[in-house]
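Residue strings, one per chain:
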Amino acid sequence: MEQGSGRYRFKREGILRVGDILHDARETKRWSLQDLQNYCGLPPSTSSDIENGCVTKIHADTLETLRVALEPQNPHTGRTYTLGELYELMLVKEEIITAVKGKR
């Protein structure tokens, strides 16, 4: 018998999508990267790298800081994206199949 388990990984397309969402939200507020740094303390290079998809993952505390500062709007709900919604866009579950001895 095979049992499935999984782990999550960041997908490139999702990181790019979230970067676009954050960039658009920053532009909507008419903030420069320096304005964003002044508001939330993140270095402009960190925000720029995320917006341009030059990262392989985004830590939850960094994403939450940007989410709270920029208040990106989910076009489907009309509300600010939740941290969970942004992570849903970036993550994909990889199934890992393992054989279990003696089970049928």
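Residues numbered from 1 in each chain as written. Predicted model: local features only at pLDDT ≥ 70, side-chain atom pairs only at ≥ 80, totals over all residues. Heavy atoms only, no water.

> Which parts of the structure should I look at to understand the packing of aromatic side chains?
This model, assessed by the stated rule, comprises two aromatic pairs. Ring plane angle 55 degrees and centroid distance 6.0 Å describe the contact between Phe-10 and Tyr-87, whose orientation is recorded as tilted. Of the two residues, Phe-10 is situated in strand E1 (residues 2-10) and Tyr-87 in helix H5 (residues 83-90); the sequence distance between them amounts to 77 residues. Phe-10 sits in the partly exposed class, given a relative accessible area of 24%. Judged by centre distance (5.1 Å) and plane angle (45 degrees), the ring pair of Trp-31 and Tyr-39 falls under tilted. (Phe/Tyr/Trp six-rings, centres within 6.5 Å; stacked < 30°, edge-to-face > 60°. Helix = DSSP H or I, 4+ residues; strand = E, 2+ residues; numbered from the N terminus. Buried < 20%, exposed > 50% of the residue type's maximum accessible area, 1.4 Å probe, protein only.)

> So what exactly am I meant to see when it comes to helix H2 (residues 33-40) here?
With a side-chain oxygen positioned 3.3 Å from the backbone nitrogen of Gln-34, the residue opening H2 is Ser-32. Downstream of H2 by one or two residues, Gly-41 has phi in the positive range, about 85 degrees. (Polar contact = N/O pair within 3.5 Å; in protein donor to acceptor, adjacent residues only side chain to side chain.)

> What am I meant to see in the environment of Arg-7 here?
Mapping Arg-7 onto the fold places it in strand E1. Using a relative accessible area of 51% as the deciding quantity, one classes Arg-7 as exposed.

> Is there a simple way to explain the environment of Leu-16 in this structure?
Inspection of the secondary structure puts Leu-16 in helix H1 (residues 12-28). Through-space distance from the C-alpha of Leu-16 to that of Glu-51 is 7.4 Å; in sequence the pair is 35 residues apart. Discounting chain neighbours no more than four positions away, the residues touching Leu-16 are Asn-52 and Gly-53. (Contact = heavy atoms within 4.5 Å.)

> It is not clear to me how helix H3 (residues 44-51) should be interpreted in this structure. Could you clarify?
Side chains three or four residues apart in an α-helix point the same way, a direct result of the helix having 3.6 residues per turn. All of the buried residues in H3 are Ser-47, Ile-50 and Glu-51. All buried residues of H3 lie within an arc of 100 degrees about the axis, which places them on one face of the element. Along its buried surface, H3 packs onto H1, H2 and helix H4 (60-70). (Arc of directions from axis to C-beta.)

> Quick question: what am I supposed to make of the pattern of salt bridges here?
Two side chains with opposite charge may pair up if their charged atoms get near one another. Summed over all chains, the structure comprises five salt bridges. Among the salt bridges present, the one from Glu-94 reaches Arg-9, with a minimum N-O distance of 2.7 Å. Here Arg-9 lies in strand E1 and Glu-94 lies in strand E2 (residues 91-99), a separation of 85 residues in the sequence. Of the residues examined, Glu-94 reaches a relative accessible area of 25% and is grouped as partly exposed. One salt bridge in this structure joins Lys-29 and Glu-71, with 3.3 Å as the shortest N-O distance. With Lys-29 in the loop between H1 and H2 and Glu-71 in the loop between H4 and H5, this pair connects stretches of sequence that are 42 residues apart. Looking at Lys-29, the relative accessible area reads 28%, which means it is partly exposed. A relative accessible area of 42% means that Glu-71 is categorised as partly exposed. When salt bridges with common partners are traced through the structure, they connect Arg-7, Arg-9 and Glu-94 into a single cluster. (Salt bridge = Lys/Arg side-chain N within 4 Å of Asp/Glu carboxyl O.)

> When you look at the side chain of Ser-47 in this model, what are you seeing that I'm missing?
Note that Ser-47 resides in helix H3. Leave out the neighbours within four places in its chain, and Ser-47 touches Leu-33, Leu-36, Leu-42 and Leu-66.

That's the geometry; what it means functionally is another story.
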